[in-house]
Amino acid sequence: MLTLILVLIVIFFLARSILSDISVTNPFGAKEKEDETIIEGKFTPLTLAKYNGKDSPKVFIAVRKRVFDVSQGSSFYGPGGPYANFAGRDASRGLALNSFDIACLTPITEPIDDLADLTAPEIESLDHWEEHFENKYPVVGTLSENEKA
Ligand code: HEM
């Protein structure tokens, strides 16, 4: 009888530990938490930076102040991908200049790049990339200096 009680106690604690593990790793719970951080589809350079495929499984990039969910292209933009530097960032200047040089990225604590100095061919290059993103990826929001703008 004592053995039976002991076995039941062990089973109880094992089951409790397994159940608490499930709730921690529950993918649906994680997703709900994820979505809470998206403020009405409005991003600032700082809040966008989280969607870099490392801090979040989702990868977003901004092109001309529109935020695209490029998660399905994570082989390009995810960690170790050739364009990983664009992940969670405003990629506009890099796309215009056809460069993934880090110098094309505006630091996330600085105002959004107004792209005012782009040449006609650079604007054309950015137009083509923007069209590419429109045709391939969903828009999930806009990029502005603050969330209320
Ligand atoms: C070393 C020269 C490069 C090679 C060989 C190369 C190669 C490629 C290839 C094979 C693709 C996939 C095309 C497809 O399947 O749709 C691609 C896509 C792309 N490349 Fe490059 N690339 C180069 C340079 C660059 C540079 C300098 C940039 C900087 C803007 C760039 C930005 C992109 C982007 C944004 C995509 C689209 C990915 C997507 O559809 O989400 N590439 N590149």
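Above this note sits the structure.
The present account deals with the structure reproduced in this document. (Residues numbered from 1 in each chain as written. Predicted model: local features only at pLDDT ≥ 70, side-chain atom pairs only at ≥ 80, totals over all residues. Heavy atoms only, no water.)

## Quick word on the pattern of salt bridges
Definition in use: Counted as salt bridges are all cases of a side-chain nitrogen of Lys or Arg within 4 Å of a carboxyl oxygen of Asp or Glu. Working definition: helices are DSSP H or I runs of at least four residues, strands are E runs of at least two. Numbering for both runs from the N terminus. Relative accessibility decides the category of a residue: with a 1.4 Å probe and only protein chains considered, values under 20% of the type maximum give buried, values over 50% give exposed, and everything between is partly exposed.
Scanning the entire structure with this criterion turns up six salt bridges. The shortest N-O distance in the salt bridge between arginine 64 and glutamate 130 comes to 2.5 Å. Linking arginine 64 in the loop between strand 2 (60–63) and strand 3 (66–69) with glutamate 130 in helix 6 (residues 120–136), this pair joins segments that are 66 residues apart in sequence. Here arginine 66 ties to glutamate 134 by a salt bridge, and the two come within 2.4 Å at their closest N and O atoms. Separated by 68 residues along the polypeptide, arginine 66 in strand 3 and glutamate 134 in helix 6 bring together distant segments of the chain. With relative accessibility at 40%, the residue glutamate 134 sits in the partly exposed group. By sharing partners, the salt bridges in this structure join Arg64, Arg66, Asp127, Glu130 and Glu134 into a single network.

## Section: the coordination of the iron atom of the ligand
Quick reminder of the rule: Note: metal donors comprise N, O and S atoms at 2.8 Å or less from the metal (3.2 Å for Na, K and Ca); water molecules are not included, so apparent gaps in a site are possible.
One donor from the polypeptide reaches the iron atom of the ligand: Tyr83 (OH), at 1.9 Å. By the element assignment, tyrosine 83 lies in the loop between helix 4 (74–77) and helix 5 (92–96).

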